Amino acid sequence: MESRWTQTREYLSSLTDSGGPWPRSNVEKLTDPNYFVTNALAAVQERIQKLIWSKPQNVFNVTLAPHWSAAYCEWPDYCDCGTQGTTKIGHYQVDGEFVPRKGYEDVIPLVRPTLAQLASKRREGESQ
Ligand SMILES: [Zn+2]
C-alpha cells in the first residue's frame, strides 16, 4: 500500500509538471487524455537490446530495438512505441571486447555473444 501511495503521489505530481496544478478548476483538462496519460501513469515500453552479426564489419552489433509487441500497440495516439526505430549502441569485436558507440558509453550492454559464437567467427575470419 505504501508503494501504491508513493506511485500515486508521483503520478499526481507528473500532472502538475505537464500542465499546472491538479485541475479542480479546469474542466477542459478533465476531458483531455493527453493531460492524464503521462510516463508516471504508464511509461512507454523500453526498447530491448539485440545482438546482430555484421558480416561486412566482422563484429556483433548491439542495437536497441522496439519490443515485438510495439507493432501491435493499441494506443498509437498516446504512445510512440510504434515509431521508436532501431539504434546501434556498440559492437563486440571477435576477440570479445565491447566497443560502445560514441554517445552511448553509459548504456550497459545486456546481451553478448557466447564464447562459441566468438570462436566460430574468429575461425571464419582466419579461413578467408
Ligand atoms: Zn505503445
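Residues numbered from 1 in each chain as written. Predicted model: local features only at pLDDT ≥ 70, side-chain atom pairs only at ≥ 80, totals over all residues.

Chemist: Can you lay out the environment of lysine 55 for me, pointing to particular residues and giving the numbers?
Modeler: Within the secondary structure layout, lysine 55 lies in the loop between strand 1 (48–54) and strand 2 (59–65). Considering only alpha carbons, one finds lysine 55 and lysine 121, 66 residues apart in sequence, at a separation of 9.3 Å. (Helix = DSSP H or I, 4+ residues; strand = E, 2+ residues; numbered from the N terminus.)

Chemist: Go over the environment of serine 54 with me, naming the residues and quoting the values.
Modeler: Of note, serine 54 is situated in strand 1. Setting aside anything within four residues of it in sequence, one finds serine 54 in contact with Val59 and Asn61. (Contact = placed C-beta atoms within 7 Å.)

Chemist: I'd like to hear about unusual backbone geometry, residue by residue, with values.
Modeler: Although it is not a glycine, asparagine 58 sits at a positive phi angle of roughly 60°. Given 15 C-beta atoms within a 10 Å radius, asparagine 58 is considered partly exposed. (Buried ≥ 20, exposed ≤ 12 C-beta atoms within 10 Å, placed from the backbone.)

Chemist: Just give me the short version of the pairing of strand 2, but keep the residues and values in it.
Modeler: Pairing analysis gives 7 bridges linking strand 1 to strand 2, with the strands arranged antiparallel. Across the sheet, the residue bridging to isoleucine 48 is alanine 65, located in strand 2. Where strand 1 folds back on strand 2, the antiparallel hairpin that results is connected by 4 residues, among which asparagine 58 adopts a positive phi of roughly 60°. Strand direction decides the pairing type here: strand 2 and strand 3 (residues 87–92), joined by 5 bridges, are antiparallel. Within strand 3, the position partnered with valine 62 by the bridge is glycine 90. (Pairing = 2+ DSSP bridges.)

By themselves these figures say nothing about function.
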